[in-house]
Amino acid sequence: MTELILIFSVSIFAILFAVYLIKNVMKRSTGTEKMQEIWSAIKEGAEAFLRRQNRTIIYLAIIVAALVFLLYMIQKPDLAPWASLSFIFGAISSVVSGYIGMWISIRANIRTASEAMKSLNGALQTALRAGAVSGLFIVALSLLGVVGLFTIAKYLGGLDTSRIPLYIAGYGFGASFVALFAQLGGGIYTKAADVGADLVGKVEAGIPEDDPRNPAVIADLVGDNVGDCAGRGADLFESTAAENIGAMILAAMLYNANTQFFGDKPELLLAIILFPMVARAFGLISSIIGVMFVRTKEDKDPMDALNRGYYITAALAMVGFAVASYWTFGTETVAKFAPNAWWHFLLCGIIGIITSVLFLWITQYYTEYRYNPVKSIAEASKTGPATNIIAGVAVGFECVAYPAIVIASAIVSSYALGVSSGLNDGGFFATAVATMGMLGPAAFVLAMDTFGPITDNAGGIVEMSQQPEEIRRKTDRLDAVGNTTKALTKGYAVGSAALAAFLLFQAFIVEIKEYSKDFVFTGVDVSQPPVFVGALMGAMLVFLFSAWAIKAVGKSAQAIIQNVREQFKRDSGILAGTSKPNYGECVDIVTKSALREMVKPGLLVVLMPVLVGLIFKWLHNAYPEVFIATGAEVVASMLLVGTIIGVLMALFLNNSGGAWDNAKKFIELEPIDIANNMGKGSERHKAGVVGDTVGDPFKDTAGPSLHVLIKLLSTVTLVLAPLFI
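Residues numbered from 1 in each chain as written. Predicted model: local features only at pLDDT ≥ 70, side-chain atom pairs only at ≥ 80, totals over all residues. Heavy atoms only, no water.

Asker: Please explain a nonpolar patch on the surface as it appears in this structure.
Answerer: Residues Ile 63, Leu 67, Phe 69, Leu 70 and Met 73 make up a contiguous nonpolar surface patch of about 460 Å² in total accessible area. Tracing the sequence through the fold places Leu 67 in helix 2 (residues 33-75). By relative accessible area, Leu 67 is classed as partly exposed at 44%. (Patch = residues over 30% accessible without salt bridge, like charges linked within 9 Å, V, L, I, M, F, W, Y side chains within 5 Å. Areas by Shrake-Rupley, 256 points an atom, 1.4 Å probe, with all protein chains shown as cover. Salt bridge = Lys/Arg side-chain N within 4 Å of Asp/Glu carboxyl O. Helix = DSSP H or I, 4+ residues; strand = E, 2+ residues; numbered from the N terminus. Buried < 20%, exposed > 50% of the residue type's maximum accessible area, 1.4 Å probe, protein only.)

Spelled out as structure tokens, the structure:
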């Protein structure tokens, strides 16, 4: 019971602290009247898009919740109410998380722009503290949601404590379902607007980025909020929610595998199941402290301040893990029979935190223009767009090697520590602990992620309101840092998704064993034709989904490009600066297109594992001599291979897109020398813009959406596992 009190108390404290940060941000100046006019257009467009998107998502979620209920009523009626209600609760929580991220972002961008007129430190702290509001709310809401459902099921529902995580697995499914559509819709919107604005504005008309003469510029700024804030907020919420539940399932498995040591001790069972949540609660406190340590001076690199805050957060998260591990496994019964367990699991948590740091370093190496990969793309741009694209694709393929080695090392080392902990089935639980360790600093990482679009918007507001050059230089510095933090957090999200997918795969196996009476699951044997077909379907799903997501950006961008060209054609005063473009037309066009295009790839991910599982279950029952494998085995194969391919594809898309983006920025920072093919306006720069345009849907639409796809595959199969047996 003490653990429940701690988790609830820390979560509520984090939300109250986020409210304090909101007040701290909101009391800051909103700048000049011109800045407020531009900001109002961004705010109006972002809120209109999110209202329409959430309405679409809610309709789809209601349909899926009804289908889940009906499927369970046919085969597992006792689970139907819990599966559907937890799905709805998770979906609502994910919608709220996305809205919070966007709400604070669109109120912080103008205040960050205004603070830049006073000091770099003021602008830095405004943007990061606003980002921390999103991070703290999302992680705290995830903890409250999972533990709240657990408490209701235990004390009001009277369910068996060890089986509760299986009953509430729908919470992760609901969160993942909403996150997929939020990330897809926001990603399609932001990149369609960005591509349209760049190609017609920069390349065709030759006007600067965020120039007020560009009709698509407001739509572009709106996109930063709905894609990078609302979409990523829902993404990381579902990450934490699904992984919390998966870790609880494996914790219950650990207890049940060691009853000969533990005996029948309900309080110990509760402590072990809640251990991942306790560790996450300490991570929240660490993130709060880390955020408050971030400050910089006018002549210093703001990235150094953010790195310092992150390292403080990571170090404190390790201390929190030590406390949680000793509290749960270092005293009384567990310590008596397995004295090494507490420090073995502590090391697993530290491995997870180190893994997150390594992922940030690797992503930084492949996406920052200080390092070789990005410089090689900039160098290749000298001979045109074709060689730029070739170099970028090569960097993308190369960048999957180090992360794959890091993931493999984390899984193997944590598993070995679990096996040697002295507890039966400790290996799989240890990998779950490593995953929770990687998510320890999640609130601070999400703060850095939201920092990016806030500073990007602030720079746009400063540019469009025609502020002095020295103010623009400050926002440019913050925007450059923001581009780095966005790239870094994508790498972090992929790494956590990879570990989480392995965790959820193990939870899926545990669930099959729990619900199956006759069938004994021994592993995924791809030598069986149905199982091999399931693996093939999992790999194909990743490629088809990525294709549809990228194609959706292309279709939406074409609509924007046509509109911008038409506006320039019918009113020559726009480019001359004597007429005001119709920003609302572009916002409306890309909103309708993004919402229309997000449905097909989203439903593909939700329906395909369900259909594969049910079809092969029927084939197994009808023709057992031919289809030896059950639907559960085929789905397990699909989940395993889809996860592996999805992780590698997401790394390729995210890092190649980020490298193309920063190669363009590297060229833009050069002195302008058209004769020597250097700087803005040169042929080399145009090649860089083309590469950046190709990379935009990679890094901001398909790549981030694959993070969600990986976990949605796991959660949908986890929830529907009883139906495939």
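Asker: What am I meant to see in helix 14 (residues 385-398) here?
Answerer: In an α-helix, one full turn covers 3.6 residues, which means residues spaced three or four apart are oriented alike. For helix 14, spanning 14 residues, the distance from its first C-alpha to its last is 20 Å, which sits close to the expected 20 Å at 1.5 Å a residue. Asn 388, Ala 391, Gly 392, Val 395 and Gly 396 are the residues of helix 14 that are buried. Seen end-on, helix 14 carries its buried residues on one side only, within an arc spanning 140 degrees. For helix 14, the exposed residues lying more than 90 degrees away from the buried face are Ala 386, Ile 390 and Phe 397. (Expected span 1.5 Å × (residues − 1). Arc of directions from axis to C-beta.)

Asker: What is the right way to read helix 21 (residues 583-622) from this model?
Answerer: Taking 1.5 Å per residue, 40 residues should reach 58 Å; helix 21 reaches 59 Å between its end C-alpha atoms and fits that length. Where helix 21 begins, the side chain of Asn 582 points an oxygen toward the backbone nitrogen of Glu 585, at a separation of 3.1 Å. (Polar contact = N/O pair within 3.5 Å; in protein donor to acceptor, adjacent residues only side chain to side chain.)

Asker: Could you clarify how one ought to interpret the side chain of Asn 662 in this entry?
Answerer: The residue Asn 662 is located in helix 22 (residues 631-668) in this model. When sequence neighbours within four positions are dropped, the list of residues in contact with Asn 662 reads Thr 367, Glu 368, Tyr 369 and Val 374. (Contact = heavy atoms within 4.5 Å.)

Asker: What am I meant to see in a positive patch on the surface here?
Answerer: A cluster of basic side chains, namely Lys 551, Lys 555, Arg 596 and Lys 600, defines a positive patch on the protein surface. Those elements that provide at least two residues to the positive patch are helix 19 (529-570) and helix 21. We classify Arg 596 as exposed; its relative accessible area is 55%. (Lys, Arg positive; Asp, Glu negative; His and termini not counted. Charge placed at Lys NZ, Arg CZ, Asp CG, Glu CD.)

Asker: For this particular structure, what's the right way to read the environment of Met 277?
Answerer: Secondary-structure assignment places Met 277 in helix 9 (residues 266-292). As a C-alpha pair, Met 277 and Ile 245 span 32 residues in sequence and 9.6 Å in three-dimensional space. What Met 277 contacts, discounting residues up to four positions off in sequence, is Ile 7, Leu 143, Val 146, Val 147, Asn 244, Met 248 and Met 436.

Asker: What should I look at first to understand the packing of helix 13 (residues 372-380) against helix 14 in this one?
Answerer: Relative placement of two packed helices is described by the angle separating their axes and the distance separating the axes. Relative to each other, helix 13 and helix 14 sit at 165 degrees, their axes nearing to 8 Å. As summarised for this structure, helix 13 and helix 14 are arranged roughly antiparallel, according to the angle between their axes. Read as a crossing pair, helix 13 and helix 14 show a hand that is right-handed. Taken together, the residues of helix 14 that come into contact with helix 13 (itself represented by Pro 373, Ser 376, Ile 377 and Ala 380) are Thr 387, Asn 388, Ala 391, Gly 392 and Val 395. Class assignment for the residues of the contact of helix 13 with helix 14 results in 5 nonpolar, 4 polar and no charged. (Axes fitted to C-alpha atoms, helices over the stretch in contact; angles between N-to-C directions. Parallel < 35°, antiparallel > 145°, perpendicular 65-115°, else oblique. Left-handed = near helix turned anticlockwise from the far one by under 90°. Nonpolar A, V, L, I, M, F, W, Y, C, P; charged D, E, K, R; others polar.)

Asker: It is not clear to me how the packing of helix 4 (residues 120-156) against helix 10 (residues 302-329) should be interpreted in this structure. Could you clarify?
Answerer: One can describe the packing of helix 4 onto helix 10 by two numbers: an axis separation of 11 Å at closest approach and a directional angle of 45 degrees. One element, helix 4, and the other, helix 10, form an angle in the oblique class. Judged by the twist between their axes, the crossing of helix 4 over helix 10 is right-handed. From helix 4, Leu 120, Leu 124 and Leu 128 reach across to helix 10, where they touch Pro 302, Ala 305 and Leu 306.

Asker: Help me out: how do you make sense of the pattern of salt bridges in this one?
Answerer: Side chains carrying opposite charge are able to pair once their charged atoms draw close together. Scanning all chains against the criterion turns up 19 salt bridges. Across the salt bridge formed by Arg 107 and Glu 47, the nearest N and O atoms sit 3.3 Å from each other. Of this pair, Arg 107 sits in helix 3 (residues 80-116) while Glu 47 sits in helix 2, placing them 60 residues apart in sequence. Assigned by exposure class, Arg 107 and Glu 47 land together as buried. When the shortest N-O distance is used, the salt bridge between Lys 699 and Asp 700 registers 2.7 Å. A single network of salt bridges, built from pairs that share partners, joins Asp 661, Lys 664, Lys 665, Asp 692, Asp 696, Lys 699 and Asp 700.

Asker: What exactly am I supposed to notice about unusual backbone geometry here?
Answerer: Across residues other than glycine, the phi torsion is negative in most instances, and most of the peptide bonds are trans. In this structure, Asp 425 takes a positive phi of about 60 degrees despite not being glycine. Structurally, the position occupied by Asp 425 is in the loop between helix 15 (401-419) and helix 16 (426-438). For Asp 425, a relative accessible area of 40% translates into the label partly exposed.

Asker: I'm lost on the environment of Ala 130 in this one. Help?
Answerer: As for its position among the elements, Ala 130 is in helix 4. For the pair Ala 130 and Gly 459, spaced 329 residues apart in the sequence, the C-alpha separation amounts to 16 Å. Once residues within four sequence positions are removed from consideration, Ala 130 is found in contact with Val 25, Ile 104, Ala 108 and Ile 454.

Asker: How do you make sense of the packing of aromatic side chains when you look at a structure like this?
Answerer: One pair of aromatic rings is described through two measures. These are the centre distance and the angle between the planes. Under the counting rule described, the total for this entry stands at 24 aromatic pairs. Between Phe 13 and Phe 17, the aromatic rings sit 6.3 Å apart at their centres with planes inclined by 40 degrees, giving tilted as the arrangement. Within this pair, Phe 13 and its partner Phe 17 are both found in helix 1 (residues 2-26), separated by 4 residues, close to a single helical turn. For Phe 13, a relative accessible area of 43% corresponds to the partly exposed category. Above the ring of Tyr 155, the side-chain terminus of Lys 154 is found at 5.4 Å from the ring centroid. (Phe/Tyr/Trp six-rings, centres within 6.5 Å; stacked < 30°, edge-to-face > 60°. Lys NZ or Arg CZ within 6 Å of the ring centre and 35° of its normal.)

Everything listed is a geometric property; what it means functionally is a separate question.
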